[in-house]
Amino acid sequence: MGQALDTCLAGLTADRRSVRAYRNQAVSDADVRALLEQARQAPSGANLQPGTFVQVRGVVREQLCAKLMQAWQQGQQETEDYAYFPKPMPMTLRRRQVAAAQALYGALGVTRDDRAGRDLQFERNFRFFDAPVALIVTLEHDFGPGGYMDLGMSLYGLMLAAQAKGLATCAIGAMASYPSLIRQQLGLDAHHTIVCGMAIGYADADAPVNQTQTTRCEIDEYFKVLG
Ligand SMILES: Cc1cc2nc3c(=O)[nH]c(=O)nc-3n(C[C@H](O)[C@H](O)[C@H](O)COP(=O)(O)O)c2cc1C
């Protein structure tokens, strides 16, 4: 039993990829709910269970995406609720960021100087990559880093639960670029920090963008044993 579970979890973590193109196949409400039931089993400091997952559907989703894409196309800028990346970005991290971008745009055949090609792909963030399920993930606004840590566990739990059901996911940090617009469209008050979006659906295995292959740094850079 233990061995089988270990193999199963190893398979889920190894096979999970960020998927940015989806088949036109609905995900049932029951399946979405089941994923969130699993995500919320994540541990959290003092069992505070921070965060909210807001599924946007129908007209609400259409209007949100239309406004987001319009804001992006017009070059509108907002102050984000929280800073995701270190500023300045240390060189080691910058190299990883560049490698991830190269993997993505390389899979799409978008060259480094093809600004329009990059923009087109970036814009797809604001359509949740046309995934059948679209979530906006928020956090109660007074949380410090601990709340983000807790939420990250739920997000990964959700991703693995989806993977186990044959579903694919992509977290969408780009959503955090327009917190006020999102709050306004969804009628959320200022106490909701906009953390990220999440796309969920059945992967379009043939889509070039889904051939993106990222790597990981050496385990010895990540895991240190002292003493
Ligand atoms: C919190 C978070 C936010 C992310 N935001 C975006 C995003 O806005 N757009 C995107 O295309 N990918 C996004 N990603 C996906 C990462 O680029 C991806 O996880 C990373 O390159 C590793 O690739 P993998 O998920 O396929 O293993 C995000 C991932 C996480 C965990």
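Refer to the structure printed above.
Just so you know, these numbers come straight off a predicted model, no measurement behind them.

Trainee: How should the overall build of the chain be read in this particular structure?
Mentor: Of the regular secondary structure elements, the chain holds eight helices and four strands. Ordered by position from N to C terminus, the α and β elements of the chain give α-α-β-α-α-α-β-α-β-α-β-α. The globule rule puts the C-alpha radius of gyration for 227 residues at 17 Å, and the 18 Å found for the chain is close to it. Principal axes of the C-alpha set define a box for the chain whose edges measure 50 × 40 × 40 Å.

Trainee: Is there a simple way to explain the nonpolar core in this structure?
Mentor: Across soluble globular proteins, nonpolar side chains have a tendency to be buried as a group. Within the largest apolar cluster, 26 residues are counted, with the highest numbers of intra-cluster contacts made by Tyr22, Leu64, Leu68, Phe128, Ile136, Met175 and Ile182. Looking at this core, the elements with two or more residues in it are helix H3 (58-73), strand E2 (133-140), strand E3 (168-172), helix H7 (179-186) and strand E4 (192-201). At five residues, H3 tops the list of elements feeding residues into this core. Residues Leu35, Leu155, Met159 and Tyr202 belong to the second largest nonpolar core, which totals 23 residues.

Trainee: Explain the site of the ligand here, please?
Mentor: Taken together, 14 residues are adjacent to the ligand, and Ser18, Arg20, Asn125, Gly173 and Arg216 come closest. In the model, an oxygen atom of the ligand is placed 2.6 Å from a nitrogen or oxygen of the Ser18 side chain. Ala171 places a polar main-chain atom, nitrogen or oxygen, 3.2 Å from a nitrogen atom of the ligand. The protein chains hide 72% of the 620 Å² of surface that the ligand would expose on its own. It is E3 that provides the largest number of residues to the shell around the ligand, a total of three residues. Across the shell around the ligand, the residue classes tally to six nonpolar, four polar and four charged.

Trainee: Before we go on, may I ask you to explain the environment of Ala162 in this structure?
Mentor: Checked against the element boundaries, Ala162 lands in helix H6 (residues 145-164). On the accessibility criterion, Ala162 (0% relative accessible area) is buried. Taking C-alpha positions, Ala162 is 9.6 Å from Tyr202, a pair spaced 40 residues apart along the chain. Excluding anything up to four places from it in sequence, Ala162 contacts Leu35, Leu167 and Thr169.

Trainee: I would appreciate a short explanation of the pairing of E3 in the present structure.
Mentor: For a regular strand, side-chain orientation follows a simple rule: the groups alternate between the two sheet faces. Buried residues dominate E3, accounting for four of its five residues. As paired elements, E3 and E4 share five bridges and run antiparallel to each other. Within E4, the position partnered with Thr169 by the bridge is Ile200.

Trainee: Whenever I open this one, the pattern of salt bridges confuses me. Can you help?
Mentor: A side chain of one charge can pair with a side chain of the opposite charge when the charged atoms of the two come close. Tallying each qualifying case throughout the model produces eight salt bridges. Here Asp29 and Arg57 are joined by a salt bridge, their closest N and O atoms 3.1 Å apart. Of this pair, Asp29 sits in helix H2 (residues 29-39) while Arg57 sits in the loop between strand E1 (52-55) and H3, placing them 28 residues apart in sequence. Residue Asp29 is classed as partly exposed on the basis of its relative accessible area, which comes to 49%. Put simply, Arg40 and Glu37 hold a salt bridge, and the shortest N to O gap is 2.9 Å. On the basis of relative accessibility, which here comes to 38%, the residue Glu37 falls in the partly exposed class. One network of salt bridges, in which partners are shared, links Arg124, Arg127 and Asp130.

Trainee: I'm lost on the packing of aromatic side chains in this one. Help?
Mentor: Aromatic rings considered in pairs are described by the distance between their centres and by the relative angle of their planes. Scanning the model with the defined rule gives seven aromatic pairs in all. Summarising the aromatic geometry, the rings of Phe122 and Phe126 are spaced 5.9 Å apart at their centres and angled 75° between planes, so their arrangement reads as edge-to-face. Owing to a relative accessible area of 29%, Phe122 belongs among the partly exposed residues under this scheme. Since its relative accessible area comes to 0%, Phe126 is described here as buried. Every member of this aromatic cluster is reached through a ring pair, and the members are Trp72, Phe122, Phe126 and Tyr178.

Trainee: How do you make sense of the pairing of E4 when you look at a structure like this?
Mentor: In terms of burial, E4 is largely enclosed, as nine of its 10 residues are buried. Inspection of the sheet shows E2 paired to E4 by eight bridges, in the antiparallel sense. Directly across from Leu135, in E4, lies its bridge partner Met198.

Scoring rules and cut-offs
- Residues numbered from 1 in each chain as written.
- Predicted model: local features only at pLDDT ≥ 70, side-chain atom pairs only at ≥ 80, totals over all residues.
- Heavy atoms only, no water.
- Helix = DSSP H or I, 4+ residues; strand = E, 2+ residues; numbered from the N terminus.
- Rg over C-alpha atoms; globule rule 2.2 N^0.38 Å.
- Core = buried A, V, L, I, M, F, W, Y, C linked by side-chain atoms within 4.5 Å.
- Buried < 20%, exposed > 50% of the residue type's maximum accessible area, 1.4 Å probe, protein only.
- Near = heavy atom within 4 Å.
- Polar contact = N/O pair within 3.5 Å; in protein donor to acceptor, adjacent residues only side chain to side chain.
- Areas by Shrake-Rupley, 256 points an atom, 1.4 Å probe, with all protein chains shown as cover.
- Nonpolar A, V, L, I, M, F, W, Y, C, P; charged D, E, K, R; others polar.
- Contact = heavy atoms within 4.5 Å.
- Pairing = 2+ DSSP bridges.
- Salt bridge = Lys/Arg side-chain N within 4 Å of Asp/Glu carboxyl O.
- Phe/Tyr/Trp six-rings, centres within 6.5 Å; stacked < 30°, edge-to-face > 60°.

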